[in-house]
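# A structural walkthrough
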Amino acid sequence: MTHPMLRIQPVSDDLYEVSDLEIRAFSSLRIWVYDLEATGLDTTRERVTQIAGLPIEGGKILEEEAFVQLVHPGEGVEISKEVEELTGITLEKLKDAPPFPDAWRDCQAAARGSAFWIGQSVFEFDIPLLETELARHGLPTTLPATLDSVVLATALLGEPEGRWSTSALIQRFQVNIEGLRRHDALDDVKILARILLPMMQIIREDHDDRVFLPPDRPLSIKRHPPVKA
Amino acid sequence: MMKLEFEREVAAARKAARAAGEIIARHCQTDRESWDKAEDSPVTRADLEANEAICAVLHESFPEDAILSEETRDAPGRLDAERLWIIDPLDGTKEFIQGIPEFAVSIGLALGGEPVLGVVYQPLTRECYWGCRGAGTYLDDAPTQVSGVGRLDQAVVLSSRSELSRGQMDPYKELFKEVRPLGSVALKLALVAAGRADFWISAAPKSEWDVCGGDLLLREAGGTFVTLATGPRRYNQADVLLQPLMAAGPQRLVDAFRERSASR
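Predicted model, so just to flag it, every value in this text is computed and none were measured.

Moving on to the overall build of chain A. When helices and strands are tallied, chain A shows seven helices and eleven strands. Expected size for 229 residues packed as a compact globule is a radius of gyration near 17 Å; at 17 Å, chain A falls within 12% of this value. Referenced to the eigenvectors of the C-alpha coordinate spread, the extents of chain A come out at roughly 50 × 40 × 35 Å. By the burial criterion, 54% of the 229 residues in chain A qualify as buried. Counting only contacts in chain A whose residues sit at least 6 apart along the sequence, the fraction spanning at least 24 positions is 69%. When the accessible surface of chain A is summed, it comes to about 10300 Å², and 48% of that surface belongs to carbon and sulfur atoms. Taken together, the 24 basic and 38 acidic charged side chains of chain A have centroids lying 1 Å from each other.

All names here are of chain B. By the assigned domains, chain B splits into domain 1 (7–144) and domain 2 (152–262). Each of domain 1 and domain 2 has a C-alpha centre, and the two are 20 Å apart. Listed per partner, the contact involves 44 residues of domain 1 and 32 residues of domain 2. It is Glu-102, Pro-115 and Tyr-129 in domain 1 that bury the most area against domain 2; as a group they hold 20% of the surface buried on that side. A salt bridge links Arg-196 to Glu-127; the nearest nitrogen and oxygen atoms lie 3.0 Å apart. Here domain 1 is connected to domain 2 by 18 residue pairs in polar contact (both at pLDDT 80 or more). Those elements that place two or more of their residues in the side of domain 1 that touches domain 2 are strand E1 (66–69), strand E2 (83–91), helix H4 (93–98), strand E3 (104–111), strand E4 (114–122), strand E5 (127–132) and strand E6 (136–139). In terms of residue count, E4 provides more of the side of domain 1 that touches domain 2 than any other element does, seven residues in total. Here the residues of the side of domain 1 that touches domain 2 sort into 21 nonpolar, 13 polar and ten charged.

A few words now on empty space enclosed by the protein. Taken as a whole and judged by the stated rule, the model has three cavities of 30 Å³ or more. Computed from the structure, the largest cavity encloses a volume of approximately 220 Å³. Every residue lining the largest cavity is counted, 20 residues in all, and those nearest its centre are His3(A), Met5(A), Gln122(B), Thr125(B) and Glu127(B). Only strand E3 (21–23) of chain A together with E5 and helix H6 (185–193) of chain B provide two or more residues apiece to the lining of the largest cavity. Looking at side-chain class alone, the lining of the largest cavity contains twelve nonpolar, three polar and five charged residues. The space that makes up the second largest cavity amounts to roughly 40 Å³. Around the second largest cavity sit Val150(A), Thr154(A), Glu159(A), Pro160(A), Gly162(A), Arg163(A), Trp164(A), Ile221(A) and Lys222(A), which together line it. Sorting the residues of the lining of the second largest cavity by element identifies helix H5 (149–157) and strand E11 (219–222) of chain A as the ones contributing at least two each. Its residues assigned to classes, the lining of the second largest cavity comprises four nonpolar, two polar and three charged.

The amide bond that connects Pro244(B) to the next residue, Leu245(B), takes the cis arrangement and shows omega of 0°. Note that Leu245(B) resides in the loop between strand E13 (241–242) and strand E14 (246–250). Of note in the backbone geometry, His183(A) takes a positive phi value of approximately 70° without being a glycine. Turning to its location among the elements, His183(A) is positioned in the loop between helix H6 (166–173) and helix H7 (185–206). Relative accessible area serves as the criterion here: at 27%, His183(A) is assigned to the partly exposed category. Phi at Asp208(A) is positive, roughly 55°, even though this residue is not glycine. Note that Asp208(A) resides in the loop between H7 and strand E10 (211–213). Using a relative accessible area of 70% as the deciding quantity, one classes Asp208(A) as exposed.

All right, on to H6(B) then. Residue and element names in this part refer to chain B. In terms of burial, H6 is largely enclosed, as nine of its nine residues are buried. Buried within H6 we find Val-185, Ala-186, Leu-187, Lys-188, Leu-189, Ala-190, Leu-191, Val-192 and Ala-193. Phi turns positive, to about 70°, at Gly-195, one or two residues after H6.

Moving on: the sheet that holds E4(B). All names here are of chain B. Overall, mixed pairing links the seven strands, which are arranged E1-E2-E3-E4-E5-E6-E7 in an open sheet. The open sheet terminates on both sides in strands that have one partner only, identified here as E1 and strand E7 (142–144). When strand polarity is set aside, the average angle formed by the axes of neighbouring strands in this sheet is 20°. Bridge analysis of E5 against E6 gives four bridges, and the strand direction is antiparallel. Bridging from a neighbouring strand, Trp-130 pairs with Tyr-138 of E6. Sheet contacts for helix H1 (residues 7–28): E2, E3, E4 and E5; angle to E4, the most-contacted strand, approximately 30°.

This part takes up the environment of Arg172(A). All names here are of chain A. Structurally, Arg-172 can be placed in helix H6. Between the alpha carbons of Arg-172 and Ile-195 there is a distance of 9.0 Å; along the sequence they are 23 residues apart. Residues in contact with Arg-172, not counting those within four places in the same chain, are Leu-157 and Trp-164.

This brings us to the layout of surface pockets. Size it by volume and the largest pocket reaches roughly 970 Å³. As for the largest pocket, its lining consists of 33 residues, and the residues nearest its centre are Leu41(A), Ser121(A), Phe125(A), His183(A) and His224(A). Where the lining of the largest pocket is concerned, the elements lending two or more residues are strand E4 (30–38), helix H1 (81–87), H6 and H7 of chain A. When residues of the lining of the largest pocket are assigned to their parent elements, the largest contribution, five residues, is made by E4(A). Looking at the lining of the largest pocket residue by residue, the class counts come to 13 nonpolar, eleven polar and nine charged. Taken as a whole, the second largest pocket encloses approximately 530 Å³ of empty space. Around the second largest pocket, the lining comprises 24 residues; the ones closest to its centre are Asp20(A), Phe212(A), Pro215(A), Gly195(B) and Arg196(B). Of all elements in the fold, only E3 and E10 of chain A together with E7 of chain B reach the threshold of two or more residues within the lining of the second largest pocket. Ranked by the residues each element gives to the lining of the second largest pocket, the list is headed by E7(B), at three residues.

Calculation criteria
- Residues numbered from 1 in each chain as written.
- Chains lettered and ligands numbered in written order.
- Predicted model: local features only at pLDDT ≥ 70, side-chain atom pairs only at ≥ 80, totals over all residues.
- Heavy atoms only, no water.
- Helix = DSSP H or I, 4+ residues; strand = E, 2+ residues; numbered from the N terminus.
- Rg over C-alpha atoms; globule rule 2.2 N^0.38 Å.
- Buried < 20%, exposed > 50% of the residue type's maximum accessible area, 1.4 Å probe, protein only.
- Contact = heavy atoms within 4.5 Å.
- Areas by Shrake-Rupley, 256 points an atom, 1.4 Å probe, with all protein chains shown as cover.
- Lys, Arg positive; Asp, Glu negative; His and termini not counted.
- Charge placed at Lys NZ, Arg CZ, Asp CG, Glu CD.
- Domains from an automatic or database assignment.
- Buried area = accessible area lost by both parts, 1.4 Å probe.
- Salt bridge = Lys/Arg side-chain N within 4 Å of Asp/Glu carboxyl O.
- Polar contact = N/O pair within 3.5 Å; in protein donor to acceptor, adjacent residues only side chain to side chain.
- Nonpolar A, V, L, I, M, F, W, Y, C, P; charged D, E, K, R; others polar.
- 1 Å grid on protein atoms, 1.4 Å probe; cavity = no way out; pocket = protein on both sides within 12 Å on 5 of 7 lines; lining within 4 Å.
- Points joined across faces, edges and corners; volume = space filled by probe spheres on them.
- Pairing = 2+ DSSP bridges.
- Axes fitted to C-alpha atoms, helices over the stretch in contact; angles between N-to-C directions.

Quick look at the structure:
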């Protein structure tokens, strides 16, 4: 599930549209920023290998309440060399990690009390991947209300030349990422949280602290570029 | 804003809902360990403490009024009361337990069985939907109206997760543009009253405390709430259960749904 009051409409292989969302008092809310790492990018068959999240509340990043957990992907699951190099996560590191259901339960518990969740490219990757994992383990596929920071960035900053990737947002807001490692779930969450703070300032100062996507004027979002086979 | 017929009651109900909401939000963030205890779990404590907070505010302001609450033992004396507060301190318990932020505090006031005030408060977004007879419905300070959508096949409908998963919505799903699952009956009714969704239907029994506050919000937002068999609810009945089917939203959608559902 995405945010229950948000409508998503696929348009083409390159675009989807979102509409019909209103979040008020945005910067005062407790928001759970999250990220997943996985064995690959195919959300229909890959496995989650790491889950991380932390809350932002009242415009402050609460790093002391951060959650991070490696996840055992299941017996017989492989991780390619490319993915190992990208994430730094090897099967050896995962051998004593809990299975997905335990890690997911703990993440939900850590996120409890948040008005909604937010993540980067979650509508295209994290949410379908989570739904696959939940279904695989016979768990209810009910997910918390979730927003995609790509959608939020497009709503606030307009359509970029490419798409509002993490790199583009880091550059746009001159976010300091020193000491943080991309594609480590917790560090990615910290980076996104630092990106969200100036976005929240824009929402507060220029949009009356409200995010509003009208039902009749959908916002076009460029999809993530196709993954090379 | 115009002078409200129930100004004191609105102020007390909003204050009570906020107080309950703070308690609920605090319990919501409790450590996971305590969620595993069957007894004295945060959900039980949140429900009971929120109920106490609401009853304390209402009793202080209106000591003569009767109260019907999901969390208080029903007192038969309420059937003779002219004024009855109808309360669900935590509607959407399943979502609360799962950490899904779709739960709400619901407070209604019925006068001679007719709803005259409604407050639905969402603790985590801190949004307050409220209204009273003759004054309209508001989301915080902004007036709201039900949706202008006039056809079922253009309507976004809110429904309960459990009714969807049990297949109770299957006979009706194809009538609508989209059916969205959402927790808390009171919250769903408030969202429809605010025009944030077009319509609500339910195929499972509900209690007066689930719907009284939302019913008033719908009436004052230009919509209606009905059980299809008996029409609008007269509250403060001995049997607090309302029987399905139920629908809420703009009158023309309710009429169209009544007609279409009769043939199913």
